[in-house]
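Read off the chains here:
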Amino acid sequence: MPSSDYDPASLPDLLPLYYRRLFPFSQYYRWLNYGGVHKNYFQNREFSFTLKDDIYVRYQSFSTQADLEKEMQKMNPYKIDIGAIYSHRPNQHNTVKSGTFQALEKELVFDIDMTDYDDVRSCCSAADICSKCWTLMTIAIKILDRALREDFGFQHLLWVYSGRRGVHCWVCDEAARKLSVAARSAVAEYLSLVKGGDETVKKVVLNDPIHPLIRESLTVVEHYFPRYALQDQDILGRKDSVNKVLGLVPEDVRKELQQRFQNERKPETRWALIEGQAEKKQATAKKGQYFEKEIMLQYCYPRLDVNVSKGVNHLLKSPFSVHPKTGRISVPMDLKDLDTFDPFAVPTISMICEELDRSRAGEEEEKSEDTKEKEEETAAAEKRKIRDYKRTSLAKYVKYFDQFLDGIAQSWKGELIRKNDLKKEF
Amino acid sequence: MSGCTVLQNERPHMTLGILFRVPLKRHHLPAFVEQPTLFGGTERKRDHCRLQTGTMQFSGRKRRIITNSQTEVYGHTVQFYGQPPLENISLSEFETFAVERLKLLKTVENLGVSHVKLSEPYTQKLEKEFKALNFPYRPENEDRKSQTGPSEQEKRRKDHISHFILRLAYCQTEDLRRWFIQQEVDLFRFRFHILHSKQKLELLHRNNLEYDAISAEEKTTLREKLINSSYGVSGITLEEQDFYKVPFQDALDLVRTRKVYLKAGYAYIPHQDIVTIVLNDFRTRLSKALALTARSLPAVQSDERLQPLLNHLSHAYVGQDYSIQKNVGKISLEQIDPLSGKSFPLCMRQLHQSLRENHHLRHGGRMQYGLFLKGIGLSLEQALQFWRSEFIRGKVDADKFDKQYAYSIRHMFGKEGKRTDYTPYSCMKVILSNAPSQGDHHGCPFRHSDPELLKQKLQFYKVSPSGISQILELVKGMHYQLACQKYFELTHNIEDASFSLNHPNQYFIESQKVLNGGKEIKRETDTPQRSQDKSAARGSREATANAPQALAEMTEDLDFFFQDA
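Just so we're clear, the structure is a prediction, and the values are computed from it rather than from any experiment.

> Is there a simple way to explain the overall build of chain A in this structure?
Regarding its fold elements, chain A presents 16 helices and eight strands. Overall, the C-alpha framework of chain A stretches about 80 × 60 × 40 Å when taken along its three principal axes. Considering chain A as a whole, with its 426 residues, one finds that 53% of them fall into the buried category. Of all intrachain contacts in chain A linking residues separated by at least 6 positions in sequence, the fraction that spans at least 24 positions is 71%. Accessible area for chain A stands at about 19,400 Å²; split by element, carbon and sulfur atoms hold 50% of it. Positive and negative side-chain charges in chain A, numbering 66 and 66 respectively, have mean positions lying 3 Å apart.

As structure tokens, then:
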């Protein structure tokens with residue numbers, strides 16, 4: 001399971017190979033160019049690189065795919081971040097009058113990080129994750145993906161494993177890219193239920209009426225809760241975690257539950273007792289009493305870093321960037337296989353580089369059977385690169401990325417036709 | 001500023017038309033005012049003194065139709081401020097209007113912090129302020145000319161003109177714009193709120209704001225969801241209520257608070273919440289207008305009578321900002337621990353404590369605490385030493401600190417990046433922006449702590465039980481700053497603090513005053529900010545040596561007012 005085959009010290013040796021032969025530049029460019037519908041969309045995009053020894057270079061920008069390729073192969077960034085589309089080329093930001101250089105558009109992004117769940121997971125803490133707590137990410141993706149599609153009407157959502165302990169979402173619809181700061185923060189707050197820092201015990205409070213978003217989210221949480229919270233995390237097992245849960249119920253109920261828990265050890269039964277109490281309370285109280293739902297949400301509902309979503313100019317780690325600590329590639333996730341997605345199965349840079357070397361031996365033999373004339377074409381280099389990643393375990397992620405791009409290409413095709421029509425009219 | 005002349009007259013006037021170059025392209029505005037251009041409209045009124053700028057004199061459009069009969073322009077108590085005022089007004093009126101509106105906006109801001117917006121006490125207090133300052137708010141008195149004060153029309157004129165004057169003062173930076181828009185929107189919300197529903201419709205109609213209601217069938221299909229997403233809509237009222245379907249971007253306040261049903265990017269807004277869309281529209285228009293005003297500002301600033309006034313108006317909103325300190329470096333690092341117990345407000349005490357315990361603070365905490373420390377007099381070198389010595393006791397080694405954290409501390413002191421000398425956060429900022437999340441210790445303990453935890457903490461700090469219940473009562477009423485002030489009074493053993501608390505650094509200074517027997521921090525005789533203000537006022541007075549004496553007096557009044565506030 002652990003990525004013990006990856007040694008961070010080898011990164012300087014592996015990165016050149018990765019950027020020369022494996023990084024999917026053409027798809028990457030196809031994505032960020034958005035069909036060329038808007039002029040300078042790719043050219044005015046900010047990239048920022050983290051180089052060796054944490055040297056951080058902001059406001060990089062590139063005029064073409066070739067330019068991007070060349071620079072990345074030259075600089076071999078440890079980490080790539082994507083920023084906004086600016087009013088001017090970011091690499092010339094010093095040459096324009098201050099104040100006129102402004103971030104105009106960016107995908108609406110979400111960042112979910114496992115460290116934000118530290119108070120409700122007992123298996124790991126901080127940067128560590130395991131298959132137990134990964135369920136939290138699955139829940140988060142399901143809830144947010146539904147809400148962004150059904151409530152907000154967005155269609156082109158790219159979910160990406162961050163490479164270590166979280167996931168990112170890039171909402172790529174044109175309407176999303178054009179959202180104002182206020183609109184972004186409103187969307188993020190609409191989606192945020194868990195509020196408060198270390199000084200707040202009860203972080204979810206529900207009021208009547210319960211909004212459809214919460215109802216929909218609860219059905220997701222209820223599906224995972226018994227397995228994830230009661231068994232895997234065992235939140236009603238150990239004494240301290242039981243107390244934590246009981247800290248979230250009203251005082252009178254707490255006393256009664258404490259007593260009844262003494263004769264009842266099984267987490268499922270304990271949970272049933274809590275639910276029973278909630279039902280009883282609901283029958284008698286005038287105001288809404290939803291503490292059992294509040295507990296479930298506090299333990300499982302997605303926790304967003306609102307600040308990342310809010311800013312148009314906020315940078316976020318790029319897909320297909322390498323995580324320097326784990327060596328894992330930041331790969332797009334296919335939600336069809338979400339429940340079986342295993343972060344530990346995501347390839348590391350050392351793994352795919354090795355695969356590339358290993359398969360070369362076999363490749364030579366294959367080649368003799370292959371038609372030779374194809375080899376001689378001038379586009380051979382490009383083709384070789386495509387074939388290169390196809391020989392590694394990166395292939396399936398790039399394939400999924402391609403599918404995603406095909407989907408979004410439909411939208412810009414429509415846009416291009418409309419634009420051309422307009423031109424003809426005048 | 002060569003070629004700029006002020007024609008002398010015993011009553012100096014401003015020609016407002018030349019100040020506001022707001023394109024009036026919006027289709028819903030009455031078409032009787034042609035787009036005012038810079039210096040247009042000055043020609044007709046030769047009887048009035050006006051401003052002329054040398055070479056550009058009369059270069060604007062000469063023909064202009066003026067039909068602003070007052071009833072047309074001020075047909076309603078609540079205005080959208082679509083068209084700028086064009087008349088001539090005396091300089092002293094100009095100043096009075098500006099200052100009084102600023103007072104009004106300040107009141108709006110203060111009430112918004114200490115009360116629930118639109119609650120009973122909020123409306124009452126705000127109404128009082130409207131009356132006192134002669135701004136219009138209730139349409140009833142429209143025709144009834146009150147015996148004592150100015151007529152409704154005069155009030156509306158004042159409302160109109162003063163709004164536009166402040167646009168000039170508040171269009172210059174992002175921060176100013178944000179503050180101004182926020183207060184104006186709240187002001188608008190209040191006035192819209194107290195209108196009768198018929199008047200509301202009339203206002204919307206007048207401004208061409210009409211929205212499409214969904215069909216009865218759609219309402220039936222979405223019945224359950226509509227009821228569950230809107231407060232105060234039940235099965236019975238649903239039948240009678242219209243719902244409007246608008247892009248969610250037009251109803252952000254409802255989206256943010258989850259008070260509306262969303263489907264496929266559209267928000268379904270019950271009639272009772274229509275104010276949200278109206279406000280949103282108001283906000284958007286104002287924001288655009290401010291951006292345009294900012295662009296034409298250089299022309300306005302060339303008027304030497306206005307520049308100091310506008311600058312002063314715009315500096316007034318923050319009150320003291322505690323950024324420049326004479327006592328830099330006069331606090332030693334050893335003093336911080338004892339001071340944190342005696343003179344730090346609870347928010348900073350909490351941050352200090354968790355820094356000492358965890359040897360780390362997350363970004364929000366570093367900003368809030370770091371700037372506070374800077375405000376009480378830590379120098380950059382001390383700050384670096386302070387944070388480093390604490391961080392390296394935790395998981396961060398010295399090398400990592402220098403790489404990852406030292407930058408942000410130098411940044412705070414304006415030594416990196418865009419070199420802004422950041423000012424310490426005010427209570428308002430701490431309470432309203434960037435609420436703490438998992439792992440954070442910043443924010444306002446009175447606002448962001450569970451009452452139970454707050455109680456424990458206060459007990460731990462040996463606040464008396466009766467004091468604690470008083471504080472918790474204030475917290476319950478959302479009077480966080482008053483709760484903090486109560487905490488100050490209890491921990492300093494004074495009956496009634498003679499100040500109104502709105503800044504953590506103010507808390508510190510006041511605390512030092514009490515502890516050092518009526519004096520400020522030993523080596524200080526005067527609060528640094530006040531002296532700074534004075535010198536600023538002096539500066540502006542020198543700059544305007546030729547300007548009417550009234551201006552100097554006015555800015556002094558303003559000083560007084562905002563020192564007070």
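> Please explain the overall build of chain B as it appears in this structure.
A tally of regular secondary structure across chain B gives 26 helices and seven strands. Taking all 565 residues of chain B together, the buried fraction comes to 53%. Counting only contacts in chain B whose residues sit at least 6 apart along the sequence, the fraction spanning at least 24 positions is 69%. Total accessible area on chain B stands at roughly 26,400 Å², and carbon and sulfur atoms take up 50% of it.

> Even after reading the chapter, I still don't get the nonpolar core, so can you show me in this structure?
For soluble globular proteins, nonpolar side chains are generally found buried alongside one another. One finds A:Y18 and A:L191 to be the most contacted residues of the largest nonpolar core, which totals 198 residues. The greatest single-element share of this core, amounting to 11 residues, is contributed by helix α4 (residues 131-151) of chain A. Those residues within four positions of A:Y18 in sequence are excluded, and the remaining contacts are A:F23, A:F320, A:V322, A:I329, A:I349, A:I352 and A:L394. One finds B:L333, B:C347, B:Y480 and B:A497 within the second-largest nonpolar core, a separate group that totals 57 residues.

> Could you clarify how one ought to interpret the packing of α4(A) against helix α7 (residues 212-232) of chain A in this entry?
When two helices pack together, you describe them by how their axes are tilted relative to each other and by the distance separating the axes. Residues and elements named next belong to chain A. Axis separation between α4 and α7 bottoms out at 10 Å; the angle between their running directions is 170 degrees. The angle between the axes of α4 and α7 places the two elements in the roughly antiparallel class. Here α4 contributes K132, C133, T135, L136, T138, I139, K142, I143, R146, A147 and D151 to the contact with α7, which in turn contributes L213, E216, S217, V220, V221, Y224, Y228 and D232. Each residue belonging to the contact of α4 with α7 can be placed in one class, and the counts come to 10 nonpolar, three polar and six charged.

> What's the story with the UniProt feature "domain: DNA primase large subunit C-terminal" (unreviewed entry) in chain B in this structure? I'm lost.
Here the UniProt feature "domain: DNA primase large subunit C-terminal" (unreviewed entry) sits at residues 338-508 of chain B. Regarding residues 338-508 of chain B, the helix share stands at 63% and the strand share at 0%, and the terminal C-alpha atoms are separated by 13 Å.

> Would you mind showing me how to read the pattern of salt bridges here?
Side-chain pairs of opposite charge can arise whenever the charged atoms involved come near each other. All chains considered together, the criterion is met by 50 salt bridges over all chains. Here A:K178 makes a salt bridge to A:E174, at a shortest N to O gap of 3.3 Å. For A:E174, a relative accessible area of 25% puts it in the partly exposed group. B:D281 serves as the salt-bridge partner of B:R285, at 2.9 Å between the closest nitrogen and oxygen. Of this pair, B:R285 and B:D281 both sit in helix α11 (residues 274-295), separated by four residues, roughly a single helical turn. The exposure class of B:R285 is buried, given its relative accessible area of 12%. What you see here is one network of salt bridges that share partners, running through B:R101, B:D159, B:E184 and B:R191.

> Before we go on, may I ask you to explain empty space enclosed by the protein in this structure?
If a probe as big as a water molecule is rolled over the atoms, it shows which places are left empty. Residues and elements named next belong to chain B. The tally for this structure, following the rule as stated, stands at eight cavities of 30 Å³ or more. Roughly 120 Å³ of internal volume is contained in the largest cavity. The wall of the largest cavity is formed by 16 residues, among which C347, C427, C444, C484 and P504 lie closest to the centre. Going through the elements one at a time, α15 (346-358), α19 (427-432), α20 (445-448), α23 (480-491) and α24 (504-515) are the ones with two or more residues in the lining of the largest cavity. Tallied by class, the residues present in the lining of the largest cavity amount to 14 nonpolar, two polar and no charged.

> Would you mind going over the state of the cysteines with me for this structure?
Chemically, a disulfide is nothing more than a covalent bond linking the sulfur atoms of two cysteines. Residue and element names in this part refer to chain B. Overall, the coordinates contain zero disulfides over all chains when judged by the stated rule. The closest cysteine sulfur to the non-disulfide-bonded C444 is located on C347, 6.4 Å from its own sulfur. In this structure C444 comes out as buried when scored by relative accessible area, which is 9%.

Reading the values: the criteria
Starting from 1, residues in each chain are numbered consecutively following that chain's sequence as written. Chain labels run from A onward and ligand labels from 1 onward, assigned in the order the entries are written. Residues qualify for local features only when their pLDDT is at least 70, as the model is predicted, and side-chain atom pairs are given and counted only at 80 or more; totals for whole chains, interfaces and linings, by contrast, use all residues. Neither water nor hydrogens contribute to the side-chain values; these are computed over all heavy atoms in the structure. Runs of H or I in DSSP of at least four residues are treated as helices and runs of E of at least two as strands, each being numbered from the N terminus. Categorising residues by exposure relies on relative accessible area from a 1.4 Å probe, with only protein chains included: less than 20% of the type maximum marks a residue as buried, more than 50% marks it as exposed, and the intermediate range marks it as partly exposed. Any two residues whose heavy atoms approach within 4.5 Å are treated as being in contact. To be clear on the numbers: accessible area is Shrake-Rupley with a 1.4 Å probe, and residue cover counts the displayed protein chains and nothing else. A residue counts as positive if it is Lys or Arg and as negative if it is Asp or Glu; His and the chain ends are not included. By convention, the charge on Lys lies at NZ, on Arg at CZ, on Asp at CG and on Glu at CD. Working definition of a nonpolar core: buried Ala, Val, Leu, Ile, Met, Phe, Trp, Tyr and Cys residues. They are joined through side-chain atoms within 4.5 Å. Orientation is described by axes fitted as lines to C-alpha atoms, over the contacting stretch for helices, and by angles from 0 to 180 degrees between their N-to-C directions. For classification purposes, angles smaller than 35 degrees are called roughly parallel, those larger than 145 roughly antiparallel, those between 65 and 115 roughly perpendicular, and all remaining angles oblique. Polar here means any residue other than Ala, Val, Leu, Ile, Met, Phe, Trp, Tyr, Cys and Pro, which are nonpolar, and Asp, Glu, Lys and Arg, which are charged; Gly is therefore polar. UniProt positions are given in the numbering used here, feature names are shortened, and annotations may be inferred rather than shown by experiment. Salt bridge criterion: a side-chain nitrogen from Lys or Arg within 4 Å of a carboxyl oxygen from Asp or Glu. Within this scheme a cavity is a closed region of a 1 Å grid, computed over the protein atoms alone, that accommodates a 1.4 Å probe without allowing it to escape, whereas a pocket is open but has protein on both sides within 12 Å along at least five of seven lines; lining residues each have an atom within 4 Å of a point. Grid points are joined across faces, edges and corners, and a volume is the space filled by probe spheres set on the points. Only a pair of cysteine sulfur atoms within 2.5 Å counts as a disulfide in this structure description.

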